[in-house]
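# An overview of the molecular structure
Residues per chain, in single letters:
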Amino acid sequence: MILQGIRRVGSLALLLAVAMPQPAHAYIGPGAGLGAIAVTVAFVLGIVLLLVGFVWYPLKRMMKSRKTGAGSAHTQVEPSKPE
């Protein structure tokens, strides 16, 4: 019961802080702004590609092993003998 009251007060305080922003009196130039956007996009794409890599390559390996057959996936090729 007390926890719910604390949550309500916290939610109300957060809502008021977001609803009534104060001006920052700061300036971000076009170069810094575009740089910040580029870094953000690169970070998000990096995370997405990381997750895709963790999912796609094991699936790709599994599909390849199914296509070639379970027995032939573990066969070893003998190296050629030098002449």
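Residues numbered from 1 in each chain as written. Predicted model: local features only at pLDDT ≥ 70, side-chain atom pairs only at ≥ 80, totals over all residues. Heavy atoms only, no water.

### Things to note about the overall build of the protein chain
Scanning the protein chain for helices and strands turns up 2 helices and 0 strands. Taking all 83 residues of the protein chain together, the buried fraction comes to 1%. Of the accessible surface of the protein chain, which amounts to about 8400 Å², a share of 71% is contributed by carbon and sulfur atoms. (Helix = DSSP H or I, 4+ residues; strand = E, 2+ residues; numbered from the N terminus. Buried < 20%, exposed > 50% of the residue type's maximum accessible area, 1.4 Å probe, protein only. Areas by Shrake-Rupley, 256 points an atom, 1.4 Å probe, with all protein chains shown as cover.)

### Here's the deal with helix H1 (residues 2-19)
Relative to the 26 Å expected for 18 residues at 1.5 Å per residue, H1 spans 26 Å between its end C-alpha atoms, a close match to the ideal helical length. Within H1, only 0 of the 18 residues are buried, which leaves it mostly out in the open. (Expected span 1.5 Å × (residues − 1).)

### So, unusual backbone geometry
With a phi angle near 55°, histidine 25 is a residue other than glycine that sits in the positive phi range. Its location among the elements puts histidine 25 in the loop between H1 and helix H2 (30-68). What makes histidine 25 exposed here is its relative accessible area of 76%.

### Quick notes on H2
Since one α-helical turn is 3.6 residues long, residues separated by three or four positions face the same way. If you check H2, its first and last C-alpha atoms are 54 Å apart, about what 39 residues at 1.5 Å a residue would give, namely 57 Å. At glycine 53, H2 shows its strongest bend, of approximately 25°. Directly after H2, the chain includes glycine 69, whose backbone phi takes a positive value near 100°. (Bend = angle between axes of the 7 residues up to and from the residue.)

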